[in-house]
Every structure is written in structure tokens, then in C-alpha cells.
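Residues per chain are reported as follows:
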Amino acid sequence: MSGHSKWSNIQGRKNAQDAKRGKIFQKISREIYMAVKSGGPDPNTNPSLRMVMDKAKSNNMPNDNVERAIKKGSATGENENYDEVIYEGYGPKGTAVLVHTLTDNLNRTGTNIRVAFNKNGGSLGEKGSVSYMFDRKGYIAIEREGLDVDEDTMLMSVLEAGGDEMETSDEVFEIYTDPSDLPDVRDALEKEGYTLAQAEVTMIPQTTVQLPEDKKALFNQMIDKLEEDDDVSEVFHNAEL
């Protein structure tokens with residue numbers, strides 16, 4: 001992972017996301033709805049739903065909200081249709097940005113994404129323009145505070161669980177897996193008694209770009225505008241903030 005810490009970016013944006021908690025719940029509810037529609041309401045037989053439910057848990061989404069979304073997705077006659085569309089573009093200093101969306105109106109979403117890039121020092125690219133710079137990985141974070149486990153012991157647990165790689169900082173163990181192995185690795189680590197702060201399939205940049213100080217505010221403004229859009233489910237980038 002070339003020393004890239006996904007956790008640092010997660011923590012760096014946590015306060016901003018906390019302020020948008022209601023909108024995050026709305027987006028996750030849409031993802032739950034889509035997962036149920038495509039694979040059924042049982043997370044034990046629907047890995048996509050289990051992943052979204054883990055995401056809901058890591059964002060402290062109330063169980064009532066999760067259950068409502070599952071019930072809605074299971075209801076006969078519900079006919080909301082969303083397309084999954086990925087937009088690719090460039091931020092300030094040539095940073096690579098991937099925007100994953102669930103939309104029921106392609107024209108609206110495309111226009112909003114383009115405006116968010118263009119008005120904040122970026123530009124929308126063609127399909128394939130930056131996606132090759134990212135690897136799809138399973139990602140698990142286990143916070144070290146209060147955890148009496150050294151790095152070697154943790155690494156052994158990760159390898160035995162089927163994980164591919166682990167990075168360690170003072171705050172967290174970051175574990176990477178093949179996307180298809182994430183559920184098994186997650187379950188094995190939880191069975192050992194570890195509490196997972198994050199467990200998701202994500203996009204990890206192969207290399208990162210260090211933003212100069214005079215570009216950071218503009219870049220963060222662009223990411224904020226993208227994340228605020230109701231149709232945007234995830235934003236990935238290769239900037240070191």
C-alpha cells in the first residue's frame with residue numbers, strides 16, 4: 001500500500017461527516033434497499049447486504065433505520081430503480097478521484113458531479129482515466145487503544161484469518177484482503193474477540209499525491225461538495241491530506 005494510511009483519511013474527515021449524519025443514513029438506506037432487491041433480506045445469504053449493514057454499524061446508524069430499509073427493499077410493489085455509476089476525475093494538483101453513485105436520474109447526477117469538479121479546481125475525466133490507479137480491496141481497521149496485543153501477535157491472527165497484508169501505526173492495525181475474502185476474515189477476527197472499527201470493500205490508491213498547503217482547502221471543498229450530493233455513495237482519492 002506504499003505506506004498509504006486509509007485510517008488517517010477516515011479520521012481526518014470524521015468530524016465533517018458527523019455533521020452530515022442524517023444524509024449519510026439516507027445514503028446507506030438506499031444501498032441497503034438495493035442490496036435487498038438484488039440478493040434478498042437475509043445478510044447470512046446476501047454478502048452485499050451484510051457489507052452494507054457493517055457500514056451502517058460503523059457509522060452508528062440506528063437499527064430501526066436499517067430494519068426500515070430492509071423492509072422497504074423486501075416489500076412487494078416497491079419499484080425504485082437506481083443505476084450504479086462511477087465518475088472519474090482529477091482534483092487540484094492532478095489528484096485522482098473516483099466517485100461512486102446510486103442514481104435515479106443520470107442527467108441530474110452527471111451535471112452535479114461535473115459542477116463540483118469544475119468549480120473547485122478539478123475536471124471530470126473519461127471512463128478509465130484514473131480507475132487504473134486504484135485497487136479494489138477488503139479493508140479492516142482495529143483500533144489499538146485498550147488492546148493488549150503486539151504487532152507480531154496481530155499479524156499472526158490476520159494471516160490465520162486469511163488476510164493478505166497488515167500495516168501498523170500507533171493508533172490502528174490496518175488489514176487488507178481480497179474483496180471476496182473480507183467476510184471470512186472479518187468473521188474470524190471477530191470470533192477471536194477483536195472489535196472492528198471498520199470493515200468494508202474499498203478502493204485503495206496505488207500511489208498517493210502530497211497536496212501543497214495552498215491546495216488543501218480547495219481540494220477538501222471539492223470532496224465536501226461531492227459527498228454532499230444525495231446520489232453520491234462513496235468518494236475515493238489518492239491525496240495525502
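All figures in this text were calculated on a predicted structure; none of them were measured in a lab.

(A) Inspection of the UniProt feature "domain: TACO1/YebC-like second and third" (unreviewed entry) in the protein at higher detail. Here the UniProt-annotated "domain: TACO1/YebC-like second and third" (unreviewed entry) positions come out as residues 82-239. Taken end to end, residues 82-239 is 32% helix and 35% strand, and its first and last C-alpha atoms sit 29 Å apart.

(B) The arrangement of the nonpolar core in detail. Core analysis: the biggest nonpolar cluster contains 16 residues, and Ile140, Ile142, Met154, Ile175, Leu189, Tyr194 and Leu196 have the highest contact counts within it. Setting aside anything within four residues of it in sequence, one finds Met154 in contact with Ile142, Val149, Met166, Phe173, Ile175, Leu189 and Tyr194. Counting residues in each nonpolar core, the second largest holds 15 residues, with Leu211, Phe219, Leu226 and Ala239 among its members.

(C) Spotlight on unusual backbone geometry. For Asn60, which is not glycine, the phi dihedral falls at a positive 60°. Along the chain, Asn60 falls in the loop between helix H4 (47-58) and helix H5 (63-74). Of note in the backbone geometry, Lys93 takes a positive phi value of approximately 65° without being a glycine.

(D) The arrangement of the sheet that holds strand S7 (residues 198-205) in detail. Spatially, S5-S6-S4-S7 is the arrangement adopted by the 4 strands of the open sheet, whose pairing is antiparallel. Of all strands in the sheet, those bounded by a partner on one side alone are strand S5 (165-168) and S7. Taking each pair of neighbouring strands and ignoring which way they run, the sheet shows an average axis angle of 30°. Note: strand S4 (residues 134-143) against strand S6 (residues 172-177), 6 bridges, orientation antiparallel. The residue bridging Ile142 from the neighbouring strand is Phe173, located in S6. Packing against the sheet, helix H7 (residues 151-161) makes contact with S4, S5 and S6, and its axis sits at approximately 155° to S5.

(E) Region of interest: the sheet that holds strand S9 (residues 232-237). The strand order across the open sheet built from 4 strands is S3-S1-S2-S9, with neighbouring strands paired in antiparallel fashion. Each edge of the open sheet is held by one strand with a lone partner, namely strand S3 (123-124) and S9. Packing against the sheet, helix H9 (residues 213-228) makes contact with strand S1 (83-90), strand S2 (96-103) and S9, and its axis sits at approximately 155° to S9.

(F) Seen up close, the pairing of S1. Two elements, S1 and S2, share 8 bridges in a ladder whose sense is antiparallel. Paired with Glu88 across the bridge in S2 is Leu98. From the end of S1 to the start of S2, which pair antiparallel, there are 5 residues, and Lys93 there has a positive phi angle of about 65°. Pairing analysis gives 2 bridges linking S1 to S3, with the strands arranged antiparallel. Following the sheet pairing, Gly89 is matched in S3 by Leu124.

(G) Region of interest: the pairing of S4. Here 8 bridges tie S4 to S7, and the two strands are oriented antiparallel to one another. For Ala141, the partnering residue across the bridge sits in S7 and is Gln198.

(H) Highlighting the packing of helix H6 (residues 106-118) against H9. Relative to each other, H6 and H9 sit at 165°, their axes nearing to 9 Å. One element, H6, and the other, H9, form an angle in the roughly antiparallel class. The element H6 and its partner H9 pack so that their crossing is right-handed. Together, Ile113, Ala116 and Phe117 of H6 and Met222, Lys225 and Leu226 of H9 make up the contact between the two elements. Across the contact of H6 with H9, the residue classes break down as 5 nonpolar, no polar and 1 charged.

(I) The arrangement of the environment of Lys93 in detail. Assignment of secondary structure puts Lys93 in the loop between S1 and S2. On the basis of relative accessibility, which here comes to 57%, the residue Lys93 falls in the exposed class. Sequence separation between Lys93 and Ala239 is 146 residues, and the spatial gap between their C-alpha atoms is 9.2 Å. Here Lys93 is in contact with Val209, Leu211 and Pro212, once residues within four sequence places are set aside.

Criteria and cut-off values
Residues numbered from 1 in each chain as written. Predicted model: local features only at pLDDT ≥ 70, side-chain atom pairs only at ≥ 80, totals over all residues. Heavy atoms only, no water. UniProt positions renumbered as here; feature names shortened; annotations may be inferred. Helix = DSSP H or I, 4+ residues; strand = E, 2+ residues; numbered from the N terminus. Core = buried A, V, L, I, M, F, W, Y, C linked by side-chain atoms within 4.5 Å. Buried < 20%, exposed > 50% of the residue type's maximum accessible area, 1.4 Å probe, protein only. Contact = heavy atoms within 4.5 Å. Pairing = 2+ DSSP bridges. Axes fitted to C-alpha atoms, helices over the stretch in contact; angles between N-to-C directions. Parallel < 35°, antiparallel > 145°, perpendicular 65-115°, else oblique. Left-handed = near helix turned anticlockwise from the far one by under 90°. Nonpolar A, V, L, I, M, F, W, Y, C, P; charged D, E, K, R; others polar.

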